[in-house]
Protein chains: 2
Amino acid sequence: MHEEQRQRAHDYLKARGIAQALFASPASVTWLTGFAPPVQLGPNPFAGGPPLVWYAGGEWTLIVLDSHAAAAAAGGIPAVSYLGYTIEAPIAGADQLLAALRSTVGNIVGRVGVEERALPAYLQAALPAGAELVSFDGALAPLRVIKTAEELAKLRANFALTDVGHAAARPAIRPGQREIDVWTAIHSAIQRAAGRRVPLGNDCTVGARAHSGGWPLDVVIQPGDSFVVDLSTILDGYWSDSCGTYYAGEPSQRQAAMHRTAAAALELAISLVKPGAVSGEIDRRVRQFIVDAGYPVYFHHTGHGVGVTGHEEPRIVPYNDMPLAPGMVVLLEPGIYFPGKTAVRLEDAVLVTDTGAEVLTKHDKSLP
Amino acid sequence: MHEEQRQRAHDYLKARGIAQALFASPASVTWLTGFAPPVQLGPNPFAGGPPLVWYAGGEWTLIVLDSHAAAAAAGGIPAVSYLGYTIEAPIAGADQLLAALRSTVGNIVGRVGVEERALPAYLQAALPAGAELVSFDGALAPLRVIKTAEELAKLRANFALTDVGHAAARPAIRPGQREIDVWTAIHSAIQRAAGRRVPLGNDCTVGARAHSGGWPLDVVIQPGDSFVVDLSTILDGYWSDSCGTYYAGEPSQRQAAMHRTAAAALELAISLVKPGAVSGEIDRRVRQFIVDAGYPVYFHHTGHGVGVTGHEEPRIVPYNDMPLAPGMVVLLEPGIYFPGKTAVRLEDAVLVTDTGAEVLTKHDKSLP
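Residues numbered from 1 in each chain as written. Chains lettered and ligands numbered in written order. Predicted model: local features only at pLDDT ≥ 70, side-chain atom pairs only at ≥ 80, totals over all residues.

Here chain A sits on chain B after a turn of 180 degrees about the axis and a move of 0.0 Å along it, with an RMSD of 0.0 Å. The symmetry that links the two subunits is that of a two-fold axis. A share of 100% of interface residues in chain A that are also interface residues in chain B marks the association as one of identical surfaces. (Least-squares fit on C-alpha atoms with pLDDT ≥ 70 in both. Contact = placed C-beta atoms within 7 Å.)

The following block contains the structure:
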């Protein structure tokens, strides 16, 4: 699993003359190995820190908590595990992880790339005195922009889950129901379709709250309300993202006009996606389309890349001169907002192909 | 909010001659301020690291991502926020957090307590050269064992949510349903009762999987199966925990006998809770009860404390000589396991009172 990712990283490290590296960010660990520990409850109380990946002399080692050893072994690289929970002694995951790291790293010298924004300070301090530490945060991010075939398969399975979520949202949005009720309908449909627990974000907000987005609350849907549903699932460490806007009853003429404009803006955005298209130029054209239609321009990005994080390159934002290339996966999400009143946002995911864009999200974004 | 916690920490720091400290663990940040950022999707992609609490000269400052500033302000101490997301420039949360930390800390000298197991290495490296760093991980844990009145209110609200979850689980456990279907029934009931999103663990496993526990999968319930439901919700950063065992149809004589023994063991455990009782002695007595009933002894703790983490002192385990004291909150969870075949576990939460124990969990643990 993820051999191509490790080959890319190996080539990159070799070219930079870095024979050793320690990766600690969840994004790097998942991208390099396919291993993605559960996140839904926060840090594991028995772990001494995040899972680590050690690279030396072209070889890779994953260092994980013992209860993650079986899942980590699926990554296809050697995994070292350390003791977390025991009833025989006080919990000492940090001491155990420290010992596992020291024994894995050994008495190395020379340059060592380190993700020091994710590595706990006590682990960095434990690296041998002969090691010359090189800040390495973000180094892998450019290598992640073009997705591998294995990653595309994961992303497709993941976008299918947000499609399931949107199909559950539409009939659940009725006057008298609350945001949290709609959310549980979406969440349940996705978990049942996946056959296991899958983390779920993003926005599930109604009416005056629709413009700002956010997690669902105890807010009751009123007749005629607009309702923005923006969903990201995280499947095996890979993110999806897609958005729809729905209505509690028949949308008004104004709502329908906004919705049609957002749909046309999304259609325009998709039509602009092809190899060589410049991210910032797509952003400019889609914003201008909204302005030309007589609406205020949206406050957020026109889109962004996705993978082992929910927001990465290519960012479709004003300043970005990054050209699109085949194998990138891009979210596009124009919206129209009247703060405190109403909002519409529609979002699709596309794969940049050799000639244009393949739409990966299949949810129904039509007016009722 | 959480004034009493900060007073305890202040007194402790003063007694140790530590005039400055930097807290980075989620447990410390929540305990000191009441602020608990969402965890369900993993680390925020726009954050430079975890929220931080800086203590100097008796004053406290919370450092958070800008999108958390409003929630952080509820903590009642000054909050410094830093820029995360922007469409005007590349995402640079780490640089922003670094600058916020430097500006908050200033040019201090002398001893500085540091949670170096939770603090990212790049932030520790940015502390002034005149600072003498003192490892401070776990220092607050002993101060957290006795709960404040404010914490008890949070924990009571939280245990009420797991009660809701158990009430939803019992009717959902039917032959032909899957573990994940039971889980969505539990999860939905809890979110609807809370009126907002609440993280939820732990075990939701049937039949041969019941002994090992784990998250729900696509496993179908068979007639006569035992089903273990162990629930932790995290409400405003505080954990709950409680367990029930249910049956797909009428339990067999063997299942009923195991269940009654586990219930009696739990009753015994609760009866042993009082100020001065020694944790390890409670553990020994409850294990012996299971052995005397002719069953194999369980592999896990008899119980554990709970608060801003799901597993803390007092651990009710063999080696622990910690005496119980009023204001502690303890989980008690004896079980009987036949690996690969069946299992039963029943768990209640108790508050240690001046004279004994008050049971905080109210879920129905009776046989059908």
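The rest of the description comes next.
Turning to the domain arrangement of chain A, a few remarks are in order. Residues and elements named next belong to chain A. Considered domain by domain, chain A is made up of domain 1 (3–144) and domain 2 (149–359). A straight line from the C-alpha centre of domain 1 to that of domain 2 covers 34 Å. On the domain 2 side, the residues contacting the nine residues of domain 1 number nine residues. For the side of domain 1 that touches domain 2, the per-class residue count stands at five nonpolar, three polar and one charged. (Domains from an automatic or database assignment. Nonpolar A, V, L, I, M, F, W, Y, C, P; charged D, E, K, R; others polar.)

Turning our attention to the sheet that holds strand S16 (residues 348–352) of chain B. Whenever strands of a sheet pair, they do so through backbone hydrogen bonds, lying parallel or antiparallel. All names here are of chain B. Strand order across the open sheet formed by five strands is S12-S11-S13-S16-S17, with antiparallel pairing between neighbours. A single partner strand is all that each edge strand has here, and the edge strands are strand S12 (312–316) and strand S17 (357–359). The mean inter-strand angle of the sheet, taken between neighbouring strand axes irrespective of direction, is 25 degrees. Bridge count for strand S13 (residues 329–332) against S16 is four bridges, and the pairing is antiparallel. In the sheet register, Val330 faces S16, and the bridge partner there is Val350. (Pairing = 2+ DSSP bridges. Helix = DSSP H or I, 4+ residues; strand = E, 2+ residues; numbered from the N terminus. Axes fitted to C-alpha atoms, helices over the stretch in contact; angles between N-to-C directions.)

This part takes up the interface of chain A and chain B. Where the parts come together, the accessible area they lose is often given as the size of the interface. Across the contact, 48 residues belong to chain A and 48 residues belong to chain B. Elements with a contribution of two residues or more to the side of chain A that touches chain B: helix H5 (121–124) and helix H7 (179–194) of chain A. Looking at the side of chain A that touches chain B element by element, the count peaks at eight residues for H7 of chain A. In terms of residue class, the side of chain A that touches chain B is built from 23 nonpolar, 16 polar and nine charged.

Time to look at the environment of Ala264 of chain B. Residue and element names in this part refer to chain B. Secondary-structure assignment places Ala264 in helix H8 (residues 253–272). Classification of Ala264 by C-beta neighbours within 10 Å gives partly exposed; the count is 15. Measuring from C-alpha to C-alpha, the distance between Ala264 and Leu62 comes to 47 Å, with 202 residues separating the pair along the chain. (Buried ≥ 20, exposed ≤ 12 C-beta atoms within 10 Å, placed from the backbone.)

All names here are of chain A. Residues Glu313 and Pro314 are joined by a peptide bond in cis, for which omega reads 0 degrees. Along the chain, the position of Pro314 falls in strand S12 (residues 312–316). In this structure, His2 takes a positive phi of about 65 degrees despite not being glycine. Mapping His2 onto the fold places it in the segment before helix H1 (3–15).

For the rest of this paragraph, the subject is the environment of Pro314 of chain A. Pro314 of chain A sits in the buried class, given 23 other C-beta atoms within 10 Å. Distance in space between the C-alpha atoms of Pro314 of chain A and Val112 of chain A is 28 Å, their sequence separation being 202 residues.

Once that is clear, we can look at the pairing of S12 of chain A. Residues and elements named next belong to chain A. By the criterion of burial, S12 is predominantly enclosed, with four of the five residues buried. Sheet analysis places strand S11 (residues 303–305) next to S12, joined by two bridges and oriented antiparallel. When the bridges of S12 are listed, Gly305 appears paired with Glu312. In textbook terms, the turn of a hairpin is the stretch between consecutive antiparallel strands, and for S11 and S12 this stretch comprises six residues.

Next up on the list: helix H8 (residues 253–272) of chain A. Residues and elements named next belong to chain A. Counted at 1.5 Å a residue, the expected span for H8 with its 20 residues is 28 Å, and the 29 Å between its end C-alpha atoms agrees. Within H8 the residues assigned to the buried category are Met258, His259, Thr261, Ala262, Ala265, Leu266, Ala269 and Leu272. For H8, the angular spread of the buried residues around the axis is 165 degrees, confining them to a single face. The exposed residues of H8 that point more than 90 degrees off its buried face are Gln253 and Ser271. (Expected span 1.5 Å × (residues − 1). Arc of directions from axis to C-beta.)

This part is about the packing of H8 of chain B against helix H9 (residues 279–292) of chain B. Residues and elements named next belong to chain B. Their axes nearest at 10 Å, the elements H8 and H9 cross at an angle of 155 degrees. Between H8 and H9, the interaxial angle falls into the category roughly antiparallel. In this structure, H8 meets H9 at a crossing whose hand is right-handed. Taking contact as the criterion, the partners of Thr261, Ala265, Leu268, Ala269 and Leu272 in H8 are, on H9, Ile282, Arg285, Val286, Phe289 and Ile290. (Parallel < 35°, antiparallel > 145°, perpendicular 65-115°, else oblique. Left-handed = near helix turned anticlockwise from the far one by under 90°.)

Once that is clear, we can look at helix H6 (residues 149–172) of chain A. Residue and element names in this part refer to chain A. Over its 24 residues, H6 runs 35 Å from end to end, which matches the ideal 34 Å to within 8%, given 1.5 Å per residue. Listed as buried for H6 are Glu151, Lys154, Leu155, Asn158, Phe159, Leu161, Thr162, Gly165, His166, Ala168 and Ala169. Taken together, the buried residues of H6 touch H7, strand S8 (226–235), strand S9 (238–239), strand S10 (242–247), strand S13 (329–332) and strand S16 (348–352).

Attention now moves to the sheet that holds S16 of chain A. Residue and element names in this part refer to chain A. Strand order in the open sheet formed by five strands is S12-S11-S13-S16-S17, with antiparallel pairing between adjacent strands. Edge positions in the open sheet fall to S12 and strand S17 (357–359), since each of these has one partner strand only. The average angle at which neighbouring strand axes cross in this sheet is 25 degrees, direction not considered.

Checked against the element boundaries, Ala169 of chain A lands in helix H6. Leave out the neighbours within four places in its chain, and Ala169 of chain A touches Val182, Ala185, Ile186, Val229, Gly244 and Tyr246 of chain A.

Time to look at the pairing of strand S3 (residues 59–65) of chain B. A regular strand places its side chains on the two faces of the sheet in alternate fashion. Residue and element names in this part refer to chain B. Most of S3 is tucked away: five of the seven residues are buried. In this sheet, S3 lies alongside strand S2 (residues 52–56) in antiparallel orientation, the contact comprising five bridges. Its bridge partner being in S3, Trp54 is matched across the sheet by Thr61. Between S2 and S3, which pair antiparallel and follow one another directly, the connecting turn spans two residues, one of which, Gly57, has a positive phi of 55 degrees.

To describe two helices that pack against each other, one gives the angle between their axes and the distance between the axes. Packing of H7 of chain A against helix H7 (residues 179–194) of chain B brings their axes to within 10 Å, and their N-to-C directions diverge by 165 degrees. On the basis of their axis angle, the class for H7 of chain A and H7 of chain B is roughly antiparallel. For the pair H7 of chain A and H7 of chain B, the sense of crossing is right-handed. Contacts from Ile180, Asp181, Trp183, Thr184, His187, Ser188, Gln191 and Arg192 of chain A of H7 of chain A reach H7 of chain B at Ile180, Asp181, Trp183, Thr184, His187, Ser188, Gln191 and Arg192 of chain B.

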